[in-house]
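Working through the structure, step by step
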Amino acid sequence: MPEAITHAIAFAVFPHLPNDCLGQALANLARFPRLEVFLFTVFLAPEVQAGAPFRQPDGVVTHPNRPPRHVLERDVIAAAAGWDLTKHDRMLPRGQVLFEARRAGG
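What this report covers is the structure whose coordinates are included nearby.

What counts as what
Residues numbered from 1 in each chain as written. Predicted model: local features only at pLDDT ≥ 70, side-chain atom pairs only at ≥ 80, totals over all residues. Heavy atoms only, no water. Helix = DSSP H or I, 4+ residues; strand = E, 2+ residues; numbered from the N terminus. Polar contact = N/O pair within 3.5 Å; in protein donor to acceptor, adjacent residues only side chain to side chain. Phe/Tyr/Trp six-rings, centres within 6.5 Å; stacked < 30°, edge-to-face > 60°. Buried < 20%, exposed > 50% of the residue type's maximum accessible area, 1.4 Å probe, protein only.

**Here's the deal with the side chain of Thr-62**
Structurally, Thr-62 can be placed in strand β4 (residues 61-62). Here the side chain of Thr-62 touches Gln-56 through a polar contact of 3.0 Å, side chain to side chain.

**Some remarks on the environment of His-70**
Inspection of the secondary structure assignment puts His-70 in strand β5 (residues 70-71). In terms of polar contacts, His-70 uses its side chain to reach the backbone carbonyl oxygen of Ala-52, at 3.4 Å. Among the polar contacts listed, one links the side chain of His-70 to the side chain of Thr-62, at a separation of 2.8 Å.

**Examining the packing of aromatic side chains**
Considering all chains together, one arrives at 4 aromatic pairs under this definition. Measuring from centroid to centroid gives 6.0 Å for Phe-14 and Phe-40, while their planes differ by 85°, and the two rings are edge-to-face. With Phe-14 in the loop between β1 (7-10) and α1 (21-29) and Phe-40 in strand β2 (residues 37-44), this residue pair connects regions lying 26 residues apart in the sequence. Note on accessibility: Phe-14 and Phe-40 belong to one class, buried. Linked through ring pairs, Phe-14, Phe-38, Phe-40 and Phe-99 together constitute an aromatic cluster.

Following this line, the structure appears as structure tokens:
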């Protein structure tokens, strides 16, 4: 039963998918009325590196247009429209950043 899903996790998924997949995932998850939280990771790059390869803190090189991909924080925020988004400071494997999305106003 889809309405029974309360948590969703996508660790190390979005760096391997086209950048528009995060927004699509969040839109699709909105149909689950009991969903409380969606935890996901991405590689972030600073604005000045948006269109070029970027060396993450642990040394992995990410790219704007091929795996492993990086995104800008503002693009993550835009993709999460309708969700309350929290960025966590924990250092995850390979320098990925953990985000927590909850329904806006939930």
